[in-house]
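A closer look at the structure
So the chains spell out like this:
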Amino acid sequence: MGSGSLSGEEALVLREDRFFDPDPAVRRIACELYAGTRNLPIVSPHGHVDPGLLSDNLPWPDATTLLITPDHYLHRLLYARGVPLEALGVARRDGTPVESDPRRVWRLFAEHYYLFRATPSAAWLEHELYELFGVRQRLGAESADRIFDQIGEQLRSPEFHPRALYRRFNIEVLATTDAPSDSLEHHAAIAASAWGGRVIPTFRPDNVFRLASPEWAHAVAALGSGIDGWESLLQALERRRGFFKQHGATATDHAVLEPYTEQVRPEEAERLFRLGQTGSATSEDQRRFEGALLLEMARMSVADGLVMQLHAGAFRNHNQQLFERFGPDRGGDVPLATEWSHNIRPLLNAFGNDGRLTLILFTLDESAYSRELAPLAGHYPAVRLGSPWWFHDSIEGMLRFRESTSETAGIYKTVGFNDDTRAFCSIPARHDLSRRVDANWLARLVSRHSIGMADAHAMARALAYDLAREAYRLGA
Amino acid sequence: MGSGSLSGEEALVLREDRFFDPDPAVRRIACELYAGTRNLPIVSPHGHVDPGLLSDNLPWPDATTLLITPDHYLHRLLYARGVPLEALGVARRDGTPVESDPRRVWRLFAEHYYLFRATPSAAWLEHELYELFGVRQRLGAESADRIFDQIGEQLRSPEFHPRALYRRFNIEVLATTDAPSDSLEHHAAIAASAWGGRVIPTFRPDNVFRLASPEWAHAVAALGSGIDGWESLLQALERRRGFFKQHGATATDHAVLEPYTEQVRPEEAERLFRLGQTGSATSEDQRRFEGALLLEMARMSVADGLVMQLHAGAFRNHNQQLFERFGPDRGGDVPLATEWSHNIRPLLNAFGNDGRLTLILFTLDESAYSRELAPLAGHYPAVRLGSPWWFHDSIEGMLRFRESTSETAGIYKTVGFNDDTRAFCSIPARHDLSRRVDANWLARLVSRHSIGMADAHAMARALAYDLAREAYRLGA
Amino acid sequence: MGSGSLSGEEALVLREDRFFDPDPAVRRIACELYAGTRNLPIVSPHGHVDPGLLSDNLPWPDATTLLITPDHYLHRLLYARGVPLEALGVARRDGTPVESDPRRVWRLFAEHYYLFRATPSAAWLEHELYELFGVRQRLGAESADRIFDQIGEQLRSPEFHPRALYRRFNIEVLATTDAPSDSLEHHAAIAASAWGGRVIPTFRPDNVFRLASPEWAHAVAALGSGIDGWESLLQALERRRGFFKQHGATATDHAVLEPYTEQVRPEEAERLFRLGQTGSATSEDQRRFEGALLLEMARMSVADGLVMQLHAGAFRNHNQQLFERFGPDRGGDVPLATEWSHNIRPLLNAFGNDGRLTLILFTLDESAYSRELAPLAGHYPAVRLGSPWWFHDSIEGMLRFRESTSETAGIYKTVGFNDDTRAFCSIPARHDLSRRVDANWLARLVSRHSIGMADAHAMARALAYDLAREAYRLGA
């Protein structure tokens, strides 16, 4: 029960059997299954950690920079209750000064920490505080300063530098997400170093897809010189994929508003390309261009073996005022209902029966889990179900995913867990939570006599480790 | 086990720990949490009780008039199994006589009471019978007459008059829902009386929104004289809002088919207004007119501080034949899939970042909870999630709401409970059920070590009392 | 724990209390409720068993022909993990030879059986192996041959011939699904025989609905001679319905992409008919033609009393390549989001208040359960909710159905269970699983004090037996 000088409610206590059902039979089985997966290495095939962190290996200056700044999940709920982002130290595009004292940001966060009750953000943060920094006090207005100091002191020690934490976290491989024109210098530097951690890039050419964006021409030009049409664009993309593959990439990633795909004739694709060049493409032109490019990405994946990830359904920068003031990725993204059966059919009819393709589908529209995604994954050899994404990477969200997809597609058409995070230190917390939720789900099945313990152990390991390695081709 | 002369199955028994999980750990915690909220005053910020009930304070004549007549939830399932509404005493528009003997209606209801097994209607009704009238027999064909007489006798006593029950129910404030042209005479009479109950109106100008309806011109004229265009309509609405505010209103309410909003230029709004005047507006014209008016309502709310409620997605009067025979609100309303992210964006881009606005969103499309509504509420300062509405005001419905929204938006972006009822005597039953369901949900979290008991107590109180007062600005 | 020579994990053990919650209170009540329904006769009002099976009464040659071949649920997950359908013995349209050795197919299936962990297919198959054939070994690569031989030996015995199994399964009535032009010779032969089993046809005129299909004209011609327009088509359909009714049919069945209905004027219907005759109908023409025919089917049902089933939302033959190689019903069907409120309204406004019509609605879009279907069934006298269909005929799927619909529509607007299977020997397994899931759902309600035991027993019986007989008018 932690420090004796704290009352039960002031002490931060992480129970060994947390997040498991209270039923004694389920809890006992869940503990046993979790014991078999908790120490497996972390395979992180999809995320947004800055690779410079691990190539530079510089210490973090303080708790705010480490834990709050890179995690816009944490900014969201404060902003939604009226706290200005400026007060949280989020930089403004126009250069207006914002709060620059990390301690004051930390205090502000601590005062509002009650907003996170029953959220996964709280579960992750408490895991980090407790397991990584040995904090034994609950975060709040009164404890804020003491915890800030405690973390700050530890961050100065070499064992809290990024590469040391990578080892401590038992990470086997960490995939980043990178622009298609990226030099991958950090990945190269890590590979060339004696350190030996495996940090690999992921090819994410979204900016080349957004034909109607003012930045499109620049994004295309950044891929290489002489790109003057559809064919040369495809060739440039093939070259860049090859470059990523040389630097260890095993996957591409694609974010689209809807998962629309279309077989577009080359002349028509060429015409769309020229509309982009002249800045006259409409959002409908972009939709078809993206639909055509997705088909090309699948074709290239068949050829070069890069696993293809497709994330659909996020309306980005929904809050125009916030976007103008702070830029993207500030919490103003809102999901949409997403149609898959019609939209993805042209791609699947072209490549869905080809065992060389692995296409991983992610959605923010949970109603599609049982309606479209599990039936698609339970039939097409190429299709895999991505893990519960974003808002659904949560205890109830993960449970809904398993309960809605497993009976139709089984677990062997899923891909294990994605932490999908920018917040490096939250990686073990997120994987741990996922392993706990899966262990508990399996324990329920065992306790209902749906599966036996040997199967449950095999399934728990598959969900925690094997499936991610297999689906993302990371075993080599 | 109730009266000794009844067998277990004939006796009506309400267990103290009803609706809690059977797991002993969860049940014990749920009982403890519920003990902390069961006696809190009732805050009822949204409902449809006739204010005349409390200004006139006349006794109800019999059980049918009290319990069956105002509750079309109860008519529904009988009608759906073939019982004519005429036999339930529902008045026909054409004046054809219908059943007028309340005892016969009561008997008919009692004979079909088995249809309500496992429904919230049964839970509410049994709470009323047991707690309010001391009934200790289950309702059925054999007990119908005896229970009818038992209730009838009690209704003659002054302690069963409406104002006495208001006190007995421990109601702190009761909001009604009123047409924009309402004189609010009942509210004024209550305020002027020595009684001291707080019964406040809610401004619901739906009839002014329905541009294509034959009643539109009449509804506009009822707001005041000289309304001859868009600008004068807005001024009239501002005046009427002020009038409602003077009578205690803290909120407006708006029911729309879809939550479409649009920034419409004044000239265009003027043109739409004139189409309404000439009776030539189409449903598409109405959609844009409503979209423009919703933006104006938000603008006015920023100015006058009235909380804005938006209920979307009910296809009213789906059953044309029933509507023609009996009028609206007879059970023939059917929900629709509802899009929020695109539709509500113009309004939120105009006012969503303004802390002076509180916009409460209600849906009948549960797939939007986790997909659109929780992400919107978890980001925009102005947005709050309305409580589970209508068909979803039920045990499983409330649980799905909590499980689908809390991890993304937390509970502090929700508004507590709305009973939304016309049936005055069901108010305590409905709040009690809600408090039980929330206590049980929190007990599950505690028993899984997701939250501690102190947090759970604070959350239970927030859900039962604090959030409704805060969100609806009822604390004053 | 089965044979002493097997370890716990190698032995196939079916627990008496399988699929019940581990909570001791729930489990005890579930066992008691299930004890009251497990031996009730099987009413199978909707399925796809070949009636020739029971008229010819020929033995099955081997385990593969009995258990694997008619069950494309089992082919699906193997294909989805890269096993060619040819290797499973699925015939190709082009006559290319496929695997013809049933033992090799069985082995291949057994090697991949782990893919079915946590799926209903595994629950059904293990029920069949254990209960029907006395298998006490888990299926896997090592046990495949032994189990294949064990089943093969038993199949030669007369007690494993189809009619003997029909008796052993305690089937009261079995409905098949038949083309509208079917001669119903097997049904006639069974009726004329001394055997006495009740095997009845269902009128499913889908091929007459698909106006834009190249097979449409042929399907119409097969209904009878002289069909040269809309009116004569309707007359032919009425005649064929009468013929089915003479052979015992009590229901029709209709599969449509969307449940669109429309009141079409006769001249317009005539025009659409002629477009079909000339092969120039578009998919939009077909949509309206189907919408008009559904209204006519409802009208005929009012007249002749055949119960009308409507299955909407399956995009058939989504995988074009698979369809071309193997034909329909090979797993390549994917659900769609389905709108009901608008689409079905014309039909319901015409016939929804008519107590002579029973219209049973099935969906693959679970988001419609609580949003549209339960509200429709909880209001319109004619409407009933079909049981959880296809992918949702599973433990979690059935539970979601009950939890999403019961509070709004009660259980008395549902129709019990449909096994919907081509796999004759899976019928008892499927009904048993359904009875277990319902018993467990009711046990949860009892243990939460939502309902009492007498009500729960009555509800369990209704869900297992009474409602299917009543809704499908099978009591006569």
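Residues numbered from 1 in each chain as written. Chains lettered and ligands numbered in written order. Predicted model: local features only at pLDDT ≥ 70, side-chain atom pairs only at ≥ 80, totals over all residues.

Some remarks on the overall build of chain A
What counts is decided by this rule: Here a helix means four or more residues in a row that DSSP labels H or I, a strand means two or more in a row labelled E, and each is numbered from the N terminus. We compute the radius of gyration from the C-alpha atoms alone; for a globule the expected value is 2.2 Å times N to the 0.38, where N is the number of residues. Burial in this document is a count-based property: other C-beta atoms within 10 Å of a residue's C-beta are tallied, and the residue is buried at 20 or more, exposed at 12 or fewer, or partly exposed in between, with C-beta positions derived from the backbone. Note on contacts: each residue gets a C-beta atom placed from the backbone, and two residues are in contact if those atoms are within 7 Å.
Secondary structure summary: chain A contains 20 helices and nine strands in total. Here the C-alpha radius of gyration of chain A, 23 Å, is about what a compact globule of 476 residues would show, namely 23 Å. Projected onto the principal axes, the alpha-carbon positions of chain A cover approximately 75 × 60 × 45 Å. Going through the 476 residues of chain A one by one, you find that 57% of them count as buried. Counted over contacts in chain A with a minimum sequence separation of 6, partners at least 24 positions apart contribute 77%.

Some remarks on the relation of the copies chain B and chain C
For clarity, the threshold we go by: Copies are brought into register by a least-squares superposition over C-alpha atoms of residues with pLDDT of at least 70 in both.
Rotating chain B by 120 degrees and translating it 0.0 Å along the rotation axis places it on chain C, where the RMSD comes to 0.0 Å. Taken together, these values place the two copies in the relation of a three-fold axis. In this assembly, only 5% of the residues forming the interface of chain B have copies in chain C that are likewise at the interface, indicating a heterologous arrangement.

Side note on the domain arrangement of chain A
Residue and element names in this part refer to chain A. Condition: The domain boundaries here were taken from an automatic or database domain assignment.
Split by domain assignment, chain A resolves into domain 1 (24-58 + 166-471) and domain 2 (59-160). Taken residue by residue, the interface counts 18 residues in domain 1 and 19 residues in domain 2. Elements supplying a minimum of two residues to the side of domain 1 that touches domain 2: α15 (320-326) and α19 (427-447). The greatest single-element share of the side of domain 1 that touches domain 2, amounting to four residues, is contributed by α19.

Some details on unusual backbone geometry
Glycine aside, residues mostly have negative phi angles, and peptide bonds mostly take the trans form. Despite not being glycine, Leu184 of chain B shows a phi value in the positive range, around 55 degrees. Looking at where Leu184 of chain B falls in the secondary structure, it is placed in the loop between β2 (171-175) and α9 (185-192). Located in the positive-phi region is Arg473 of chain C, a residue other than glycine, with phi close to 55 degrees. Considering the arrangement of structural elements, one finds Arg473 of chain C in the segment after α20 (453-471).

A few points about the nonpolar core
The condition is simple: For our purposes the nonpolar core covers buried Ala, Val, Leu, Ile, Met, Phe, Trp, Tyr and Cys residues that link as a set through C-beta atoms within 7 Å.
Formed by 448 residues in total, the largest nonpolar core has its most connected members in Leu442 of chain A, Leu442 of chain B together with Leu442 of chain C. Each residue touching Leu442 of chain A, except ones within four places of it in the same chain, is listed here: Leu33, Ala456, Met459 and Ala460 of chain A.

Things to note about the interface of chain B and chain C
Going by this rule: For this scheme, ten residues count as nonpolar: Ala, Val, Leu, Ile, Met, Phe, Trp, Tyr, Cys and Pro. Four count as charged, namely Asp, Glu, Lys and Arg, and the remainder, Gly too, count as polar.
At the interface, 41 residues of chain B touch 40 residues of chain C. Listed by contribution, the elements that provide at least two residues to the side of chain B that touches chain C are α4 (72-80), α15 (320-326), β7 (334-335) and α18 (395-409) of chain B. With four residues, α4 of chain B is the single largest residue contributor to the side of chain B that touches chain C. Class assignment for the residues of the side of chain B that touches chain C results in 19 nonpolar, 11 polar and 11 charged.

Details of the interface of chain A and chain B
Tallying the contact residues gives 41 residues for chain A and 40 residues for chain B. Within the residue set of the side of chain A that touches chain B, elements represented by two or more residues are α4 (72-80), α15, β7 (334-335) and α18 (395-409) of chain A. If one sorts the elements of the side of chain A that touches chain B by residue count, α4 of chain A sits on top with four residues. Among the residues forming the side of chain A that touches chain B, the class breakdown is 19 nonpolar, 11 polar and 11 charged.

Digging into the pairing of strand β5 (residues 307-312) of chain B
All names here are of chain B. Stated precisely, the cut-off is as follows: We treat two strands as partners when DSSP finds at least two bridges between them.
Within β5, six of the six residues are buried, leaving the element largely enclosed by the surrounding structure. Of the two faces of β5, the one holding Val307, Gln309 and His311 and the one holding Met308, Leu310 and Ala312 are both buried throughout. Note: strand β4 (residues 251-256) against β5, six bridges, orientation parallel. For Val256, the partnering residue across the bridge sits in β5 and is Ala312. One ladder, built from five bridges, connects β5 with strand β8 (residues 359-363); its direction is parallel. Along β8, the bridge assignment pairs Met308 with Leu359.

Describing the sheet that holds strand β5 (residues 307-312) of chain A
Think of a sheet as strands paired side by side through backbone hydrogen bonds, with each pair either parallel or antiparallel. All names here are of chain A. Going by this rule: Note on definitions: angles span 0 to 180 degrees between N-to-C directions of axes, and those axes are lines fitted to C-alpha atoms, for helices only across the stretch in contact.
Here four strands make up an open sheet; going across it, the order is β4-β5-β8-β9 and the pairing parallel. The sheet terminates laterally at β4 (251-256) and β9 (383-385), the two strands that pair on one side only. Averaged over all pairs of adjacent strands, the angle between their axes in this sheet comes to 25 degrees, without regard to strand direction.

Quick look at helix α1 (residues 24-35) of chain A
All names here are of chain A. As a reminder, the rule being used: Between the first and last residue of a helix there are one fewer steps than residues, each counted as 1.5 Å, and that sum is the expected span.
Here α1 spans 16 Å end to end across 12 residues, near enough to the 16 Å set by a 1.5 Å rise per residue. Here α1 has its buried residues at Val26, Arg27, Ile29, Ala30, Leu33 and Tyr34. Against the buried residues of α1 lie α19 and α20 (453-471).

Notes on the confidence of the model for chain A
Formally: Residue-level confidence of the predictor, termed pLDDT, takes values from 0 up to 100.
Chain-level statistics for chain A give a pLDDT mean of 96 and a share of 98% at 70 or above. When the criterion is pLDDT under 50, residues 1-8 of chain A qualifies, and its contacts beyond four places in sequence or with other chains add up to 11 contacts.

Quick word on the environment of Ala429 of chain B
Residue and element names in this part refer to chain B. With respect to the helices, strands and loops of the structure, Ala429 is situated in helix α19 (residues 427-447). Between the C-alpha atoms of Ala429 and Val446, which are 17 residues apart in sequence, the distance is 25 Å. Beyond its immediate sequence surroundings of up to four residues, Ala429 is in contact with Trp124, His127 and Glu128.

Remarks on the pairing of strand β8 (residues 359-363) of chain C
All names here are of chain C. So the rule is basically this: Every crossover in which the path from the first strand over the helix to the second runs clockwise, viewed with the strands pointing away from the viewer, is termed right-handed.
Where burial is concerned, most of β8 is hidden: five out of the five residues are buried. Taking every second residue as pointing to the same face, both faces of β8 are buried, with Leu359, Leu361 and Thr363 on one and Ile360 and Phe362 on the other. Across three bridges, β8 lies against strand β9 (residues 383-385) in parallel orientation. Paired with Leu359 across the strands is Val383, a residue of β9. Once the chain exits β8 it traverses helix α17 (residues 367-377) before rejoining the sheet at β9, and the crossover so formed is right-handed.

Here's the deal with the relation of the copies chain A and chain B
After a rotation of 120 degrees and a shift along the axis of 0.0 Å, chain A superposes on chain B with an RMSD of 0.0 Å. Looking at the interface residues of chain A, only 5% of them are also at the interface in chain B, so each copy uses its own face.

Remarks on the packing of α18 of chain A against α19 of chain A
Residues and elements named next belong to chain A. Selection criterion: Our angle categories are set so that under 35 degrees counts as roughly parallel, over 145 as roughly antiparallel, 65 to 115 as roughly perpendicular, and the remainder as oblique. A clockwise turn of the near helix away from the far one marks a right-handed crossing, whereas an anticlockwise turn of less than a right angle marks a left-handed crossing.
At their nearest, the axes of α18 and α19 sit 10 Å apart, and the two run at 45 degrees to each other. Here α19 runs oblique to α18, going by the angle between their axes. α19 is crossed by α18, and the crossing has right-handed handedness. Here Ile395, Met398, Leu399 and Arg402 of α18 lie close against α19, whose contacting residues are Ser434, Val437 and Trp441. In terms of residue class, the contact of α18 with α19 is made up of five nonpolar, one polar and one charged.

So, helix α13 (residues 266-277) of chain A
Residue and element names in this part refer to chain A. Under the convention used in this document: Each C-beta atom gives one direction from the helix axis, and the arc is the one those directions make.
Under the 1.5 Å per step criterion, the end-to-end length of α13 is 16 Å for 12 residues, consistent within 8% with the ideal 16 Å. Buried within α13 we find Ala269, Leu272, Phe273 and Gly276. Taken end-on, α13 shows its buried residues confined to a sector of 105 degrees, consistent with a single buried face. Where α13 is buried, its residues touch α11 (216-221), α12 (230-246) and α14 (283-304). Of the residues one or two after α13, Gly279 is the one with positive phi, at around 70 degrees.

Describing the sheet that holds strand β4 (residues 251-256) of chain C
Residues and elements named next belong to chain C. Strand order in the open sheet formed by four strands is β4-β5-β8-β9, with parallel pairing between adjacent strands. This sheet does not close on itself; its edge strands, each paired only once, are β4 and β9. Adjacent strand axes in the sheet meet at a mean angle of 25 degrees, parallel and antiparallel pairs treated alike. Strand contacts of helix α14 (residues 283-304): β4, β5 (307-312) and β8, with the helix running at about 165 degrees to β4, the strand carrying the most contacts. The strands that α17 touches are β8 and β9; relative to β9, the one it contacts most, it runs at about 140 degrees.

Some remarks on the environment of Gly475 of chain B
Residues and elements named next belong to chain B. Mapped onto the elements, Gly475 comes out in the segment after α20 (453-471). A tally of 10 C-beta atoms within 10 Å means that Gly475 is categorised as exposed. Those residues in contact with Gly475 that sit more than four places away from it in its chain are Arg469 and Glu470.

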